[in-house]
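What follows is the residue order along each chain.
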2 protein chains.
Amino acid sequence: MMENTTLTDKQQELIEKTGVMLETKGWQPAVARIMALLLVDDSGELTFDDIRNSLQLSKSATSNGIQLLLNTGKIEYITKTGDRKRYFRSRISMFRDMIIAEHEKRKEMTALLKEIYEMREDFKNKKLANNLKDIINYMDLLNEEFPKILEKWEKMKKQ
Amino acid sequence: MMENTTLTDKQQELIEKTGVMLETKGWQPAVARIMALLLVDDSGELTFDDIRNSLQLSKSATSNGIQLLLNTGKIEYITKTGDRKRYFRSRISMFRDMIIAEHEKRKEMTALLKEIYEMREDFKNKKLANNLKDIINYMDLLNEEFPKILEKWEKMKKQ
DNA sequence: TTTTTAGTTCTGCAAATAGAGAACTAAATT
DNA sequence: AATTTAGTTCTCTATTTGCAGAACTAAAAA
């Protein structure tokens, strides 16, 4: 037991870089490292203790991190008959999900801006209102194009 | 002095909603409220004390918040001859800037994923590597389309 | 020249976050 | 029946964050 816990320098580096990137997205450090490890890992099946040892995390941090990533659909695991361990791997579709979530967020923001715009329309300062309108148009454009890009990609995949 | 500090209920509501939205983007609460206030404000010229009173913030929080927003180009101010006060307003282009920044971030993420992919290519697990390749293609597509949308918008504005 | 105005900067604290470590649990092994 | 495995959950603490309040400053007004 305990193969697989040695990472190359390059892997180590990529885990930290990816970890930092995810931290800037608001992820907590340990969770970001677990995610990064599972993205970089080639075996596709790391156990609880592999993760714990590779990242030098406490059991609680490992457990909570794994739980959080499972609950949000970022990772998954397989099991093997006659073996109580879980073998974790990243769900690569998480990136697609993340991008779609960002898109949804942008739509919300657009809706909010529209509310602000409509309120401002009633007031006197037309110039400010018009600047806002410009941005709303831009966001609308983005919101329209986004699903199209998604479609284009789905088609591309099928070929 | 001290006109302009009374907000309508609708404005109050929009400030809080916008504030919360900005908090989810990682902004600190007080800064998010100042930004929201200046987005919602129709006068286009709120003073330090207007902001302080409208949001019931301490002087330090107001000062630091304003400073941060000025430094990051999110707001600006005008002055009036024979008047020491600064009159603040939102730089509406901040939204465009924010979206472009998100785009840059996505490009960084794509580059990182490519690094991970290239590393994985050397290893045995081709299936995982291929899934990753799919996502990279998708991100590349997005990265290509993004500038085009921006251009389209710029043209639209000119008409 | 004293006071007021329009802030900035410093000090300190309350709350939130992040994770370690210990205690616990439930199934499987010995 | 006792121990090991594969975790989970609880308790506690160090660090960070976010902001209030007080002290300070520099220009303008009285």
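What comes next concerns the included structure. Here the structure is a predicted model, which means the values were calculated and not measured.

1. Considering the side chain of E145 of chain B
Locating E145 of chain B in the fold gives a position in helix α6 (residues 126-158). Setting aside chain neighbours within four positions, we find E145 of chain B in contact with I149 and K152 of chain A.

2. Overview of the protein's contact with DNA strand D
For DNA strand D, the set of nearby residues contains 17 residues, the closest of which are K59, S63 and R84 of chain A together with A30 and S58 of chain B. Counting only the atoms of DNA strand D that lie within 4 Å of the protein, the sugar and phosphate share comes to 55%. Take R86 of chain A: an N or O atom from its side chain is 2.9 Å from a phosphate oxygen of DNA strand D. Here S60 of chain B contributes a side-chain N or O atom positioned 2.9 Å from a base nitrogen of DNA strand D. For the surface near DNA strand D, the secondary structure elements donating two or more residues are α4 (59-71) and β2 (83-90) of chain A together with α2 (29-40) and α4 (59-71) of chain B. Looking at which element gives the most residues to the surface near DNA strand D, the answer is α4 of chain A, with five residues.

3. What about the packing of aromatic side chains?
Under the defined criterion, the tally for this structure stands at four aromatic pairs over all chains. Both rings, one in Y77 of chain A and one in F88 of chain A, keep their centres 5.6 Å apart while their planes meet at 65°; by these two values the pair is edge-to-face. Of the two residues, Y77 of chain A sits in strand β1 (residues 75-80) while F88 of chain A sits in strand β2, which places them eleven residues apart along the sequence. Relative to Y138 of chain B, the ring of W153 of chain A has its centre 4.6 Å away and its plane inclined at 35°; by these criteria the two rings are tilted. Note that W153 of chain A is positioned in helix α6 (residues 126-158) and Y138 of chain B in helix α6, a pairing that runs across two chains. Overall, W153 of chain A belongs to the buried group, its relative accessible area being 1%. The ring of Y87 of chain B has K80 of chain B lying over it, and the distance from NZ or CZ to the ring centre is 4.2 Å.

4. Digging into unusual backbone geometry
Residues and elements named next belong to chain A. Unusually for a residue other than glycine, Q56 sits at a positive phi of about 55°. Among the secondary structure elements, Q56 is positioned in the loop between α3 (48-55) and α4. Relative accessible area serves as the criterion here: at 72%, Q56 is assigned to the exposed category.

5. Structural notes on the pattern of salt bridges
Under the counting rule described, the total for this entry stands at 32 salt bridges over all chains. For K10 of chain B, the salt bridge goes to E115 of chain A, with nearest N and O atoms at 2.7 Å. Separated into two different chains, K10 of chain B in helix α1 (residues 9-24) and E115 of chain A in helix α5 (residues 94-121) make up a pair that spans both.

6. Some thoughts on the protein's contact with DNA strand C
Taken together, 17 residues are adjacent to DNA strand C, and A30 and S58 of chain A together with K59, S63 and R84 of chain B come closest. Backbone sugar and phosphate groups make up 58% of those atoms of DNA strand C lying within 4 Å of the protein. Within the side chain of S58 of chain A, a nitrogen or oxygen atom sits 2.5 Å from a phosphate oxygen of DNA strand C. Contact between DNA strand C and R84 of chain A: a base nitrogen at 3.5 Å from a side-chain N or O atom of the residue. Contributing elements (two or more residues each) for the surface near DNA strand C: α2 (29-40) and α4 of chain A together with α4 and β2 (83-90) of chain B. Here the surface near DNA strand C gets five residues from one element, more than from any other, and that element is α4 of chain B. For the surface near DNA strand C, the class distribution of residues is five nonpolar, seven polar and five charged.

7. Description of the nonpolar core
W27, M35, I51 and I75 of chain A together with L113 and Y138 of chain B are the most contacted members of the largest nonpolar core, which has 47 residues in total. Elements represented by at least two residues in this core include exactly α1 (9-24), α2, α3, α4, α5 and α6 of chain A together with α5 (94-121) and α6 of chain B. A per-element tally of this core places α2 of chain A first, with nine residues. Ignoring any residue separated from it by four or fewer positions in sequence, one finds L113 of chain B in contact with F95 of chain A together with L132, I135, I136 and M139 of chain B. Counting 46 residues, the second largest nonpolar core, distinct from the first, contains A129 of chain A together with A36, I75 and F146 of chain B.

8. Section: α1 of chain B
Between the first and last C-alpha of α1 of chain B there are 23 Å, a value that for 16 residues agrees with the 22 Å anticipated at 1.5 Å per step. When we look at burial in α1 of chain B, the residues that qualify are Q11, L14, I15, T18, G19, M21 and L22 of chain B. Seen from one end, α1 of chain B has its buried residues packed into an arc of 165°, which puts them on one side. Against α5 of chain A together with α2, α3 (48-55) and α5 of chain B lie the buried residues of α1 of chain B. Of the residues trailing α1 of chain B, G26 of chain B is marked for its positive phi of about 95°.

9. Re the environment of V40 of chain A
Within the secondary structure layout, V40 of chain A lies in helix α2. A C-alpha to C-alpha distance of 22 Å links V40 of chain A and K80 of chain A, two positions 40 residues apart in sequence. Residues within four places of V40 of chain A in sequence aside, it is in contact with Q11, L14 and I15 of chain A together with I116, M119 and R120 of chain B.

The rules behind the values
Residues numbered from 1 in each chain as written. Chains lettered and ligands numbered in written order. Predicted model: local features only at pLDDT ≥ 70, side-chain atom pairs only at ≥ 80, totals over all residues. Heavy atoms only, no water. Helix = DSSP H or I, 4+ residues; strand = E, 2+ residues; numbered from the N terminus. Contact = heavy atoms within 4.5 Å. Near = heavy atom within 4 Å. Polar contact = N/O pair within 3.5 Å; in protein donor to acceptor, adjacent residues only side chain to side chain. Phe/Tyr/Trp six-rings, centres within 6.5 Å; stacked < 30°, edge-to-face > 60°. Buried < 20%, exposed > 50% of the residue type's maximum accessible area, 1.4 Å probe, protein only. Lys NZ or Arg CZ within 6 Å of the ring centre and 35° of its normal. Salt bridge = Lys/Arg side-chain N within 4 Å of Asp/Glu carboxyl O. Nonpolar A, V, L, I, M, F, W, Y, C, P; charged D, E, K, R; others polar. Core = buried A, V, L, I, M, F, W, Y, C linked by side-chain atoms within 4.5 Å. Expected span 1.5 Å × (residues − 1). Arc of directions from axis to C-beta.

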